[in-house]
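# Per-entry structural report
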Amino acid sequence: MKLQLRLIKELRITMKRMNKKGNLVFNTLMWIFKIFFVVIVLFTLVFLIRSFISTELDIFNAEADIFIQRLFMSRNGISFYDENIGRLYPGVIDKNSFLLSNIEDRLNYSIYYGIENKRIAANITLMDSQGTIRSVIYNPDYYDRWKMLVKALWIRGPGGVRPKTKEFNVLIREEGSFKPGILKIEVIIPNS
Amino acid sequence: MKKRGRLVLNRKAEITNEIYNVLIQIIIIIMILVACMSYLNSVKKNTLFEKMYLSRDVALMMNTIYAAPENVKVEYFAANANLSDYTFESKDYYVIVNEKGKDIAHAKYYKYATDLTFEEDFPLITNADLIMFLKNNNKVQVDEETPDTISDFFCSPVIPGNNDPYVIIDPGHGDNPLFDLGDPGYVTDDIQESTFTTQISEVLNAGFDYDVTRPSDYYITMFERLSVLSRADVIISIHLGNYSEQENAVKAFISAESEKKQESITLACHILNNFAKNSQFDVAIIPVVVSELSNEDPKLVLLADKVAVLLEIGNINNKESIELLDVYEIAAAINKGIKDYYEKDE
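Bear in mind that the values here come from a model prediction, so they are computed numbers and not experimental data.

## Overview of the interface of chain A and chain B
Chain A puts 31 residues into the contact, and the matching count from chain B is 34 residues. Of all elements in the fold, only helix H1 (2-52), helix H2 (60-73), strand E2 (87-94) and helix H4 (103-110) of chain A reach the threshold of two or more residues within the side of chain A that touches chain B.

Here it is in C-alpha cells:
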C-alpha cells in the first residue's frame, strides 16, 4: 500500500513537471504562432493599402490619339497645306506629297523624339478604290520590331506593346481634282 | 491548506503570466497601428504619382501644342496639384518634373516629340501657379508667363508696289427691294446687311486715298460696282457672313487666280490680325476660283489684276454675336490692316 502511495506521489510529481514543461513548450509555440500571425496581418494590411493605391497612369489612348491628330492637323503632317495662304486642309491628302520618297524623313523631322525613337511607331497606309497607294512607316526600325510583339498581348508590363488602328475617310488631291480614299493609321506604343 | 495555497500561488503566476501576455499583445497591436499609420502617412506625402501625372500631362500638352495647325496659347494648371511645389524643365525631349529642392534622382521623366522646324524655348520653371504654352508662328515657348502675344497669321512680306494706293471700299450690293425684310441671311430684327456695311464704309477713318462703290444704302448692280472697282489699286469688299447659327468668324476671301494673289493674301493677313486682336472671332483666309463663280456671286469683285479682299464679318444668323458687332471697331481693324500692309504709321 505504501509502495503504491509512493508510486502515485512520484507519478504526480512527474506529471506536474511534465505539465510545467508542456506549458512552456505550448506557450513558446503559441508565441511563434502569434508572431507569425501578426506578420501575416501586417503584410495583409500593407497589401490591402497598396492595392487601393494606384500609381499607374495609362495614357496609351491619349498618346496614340494625339499622335494621329498630329499627323492630320500639323502643318508638317500628311494633310495638304497651302503655303500661300498658310491654311491646312485636314483630311485632304496630297497624293504627290504622299508619294515623295523623303516623306518618312519629313515625318521623322516634324515628329521628332530624338535620334533613337523608342516611344512610338506607326504605319500609315493610303488607299483608294484601286487599292493601296502607299504605306509609309514612321520610325521603321522600331515598327518592325514591335510589329512582332503586337500578337503577344499577354505581355502587359514593360517589354510588351499595344497597337491602335484607326481608319479615316479622306480626300486624295491629285492635280487639282479630288477623289475619295481611306487612310489607315496603325500606331504601336511600347508599354512603359 | 497546503494544496490550496499552492493552487493560489499557481493562479497568481498564471495571472501575472496572462497580464504580461496581454501587455505584449497590446504593444504589438500598437506597433502595428503605428507602422500602418506611418506607412499611410508616407503614402500621403509621396509625390511620385503627382510627378508621374504632371510629367506625362505636360509631355502630352507639348505634343498637342505641336499638333495644333495654327498658333495657339494655352494656360495650363493642374486641378489636383499645386504646380508651384514642383520644378519643370525639358532636356533631350523629356519633360522633367521634380519636387522643389529635391535631388534630380527623384525626378520623373516623360518623352515628347518636338518639331525640328520650330524653335523651342522651355526654360527651368521653378515657381509657377500656371504654365503658359505658346505656339506663335515658328516658335514654341513654355514659361511661367509669356511676353509674346499671339498673332493669328504670319504675314509674308510683300512689296506693295504703289505706296500711295487708291483704295475702294465696296460695301456690297446695297438695299435690294427684291429682298424681304424677313429674308434670313440678309436681315435680322435690328441689322440689315447693306445698312451695316454702309455704316462701316462711312466711319472708315482712312489715312489713304479711298472711295466707296456706293456712298449710301441703295441698290447697285454688279456691273456698276465692277466698273467703279476697275479704277482701284486695292479693293476691300465688306459683307456679313450667312452661315449656320453656331458659326462666328471673319473670313477673308481672295482670288486664287489673281495676278496679285500673294499681295492679296498679305493684305488679308494684316486685316485679320487686327480683327483677332480686337475681337473673339475665328479668322480664316479662303482662296476662291473666281472664274467658276455664278454671275451674281459677290466674290466677283475679286478682280484678277487688283489687290483684292472680300471680308465676311460675323454671321447674320448668329443673333448674339451680330448684336455685339461694332462698326467703329470693324472699320478700325480694316483701316489698320491696310496701313500695316503699306507700313504706314498711325
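So much for the structure itself; the text now carries on.
## A word on the packing of H2(A) against helix H2 (residues 48-67) of chain B
Taken N-terminus to C-terminus, the directions of H2(A) and H2(B) make an angle of 20 degrees; their axes are 8 Å apart at the nearest point. Judged on the interaxial angle alone, H2(B) and H2(A) are roughly parallel. With respect to the hand of their crossing, H2(A) and H2(B) are arranged in left-handed fashion. Facing H2(A), whose interface residues are A:Ala62, A:Glu63, A:Ile66, A:Gln69, A:Arg70 and A:Met73, H2(B) presents B:Leu60, B:Asn63, B:Thr64, B:Tyr66 and B:Ala67. Here the residues of the contact of H2(A) with H2(B) sort into six nonpolar, three polar and two charged.

## Digging into the sheet that holds strand E1 (residues 72-76) of chain B
Two pairing modes exist for strands in a sheet, parallel and antiparallel, and in both the strands are linked by backbone hydrogen bonds. Residue and element names in this part refer to chain B. The strand order across the open sheet built from four strands is E1-E6-E7-E5, with neighbouring strands paired in mixed fashion. The open sheet is flanked by E1 and strand E5 (119-121), the only strands paired with a single partner. Averaged over all pairs of adjacent strands, the angle between their axes in this sheet comes to 5 degrees, without regard to strand direction. One ladder, built from three bridges, connects E5 with strand E7 (residues 139-143); its direction is parallel. When the bridges of E7 are listed, aspartate 121 appears paired with glutamine 141. Relative to the sheet, H2 contacts E1, strand E6 (131-136) and E7, its axis offset from that of E1 by approximately 160 degrees.

Rules of the game
- Within each chain, residues carry numbers counting from 1 in the order of the written sequence.
- Each chain takes a letter, starting from A, and each ligand takes a number, starting from 1, following the order in which they are written.
- With pLDDT at 70 or above as the cut-off, local features in this predicted model cover only qualifying residues; side-chain atom pairs require 80 or more to be listed or tallied, and sums for whole chains, interfaces and linings still use all residues.
- For the purpose of contact definition, each residue receives a C-beta atom placed from its backbone, and two residues are in contact when these atoms lie within 7 Å.
- Strands here are runs of E lasting at least two residues and helices are runs of H or I lasting at least four, both read from the DSSP assignment and numbered beginning at the N terminus.
- Helix axes use the C-alpha atoms of the stretch in contact, all axes being lines fitted to C-alpha atoms, and the angles between their N-to-C directions lie in the range 0 to 180 degrees.
- Here the angle decides the label: under 35 degrees means roughly parallel, over 145 means roughly antiparallel, 65 to 115 means roughly perpendicular, and every other value means oblique.
- Crossing handedness: left-handed means the near helix sits turned counterclockwise from the far one by under a right angle, and right-handed means the same turn made clockwise.
- Only Asp, Glu, Lys and Arg are considered charged in this grouping, and only Ala, Val, Leu, Ile, Met, Phe, Trp, Tyr, Cys and Pro are considered nonpolar; every other residue, Gly among them, is considered polar.
- Following DSSP output, two strands are said to pair if at least two bridges run between them.

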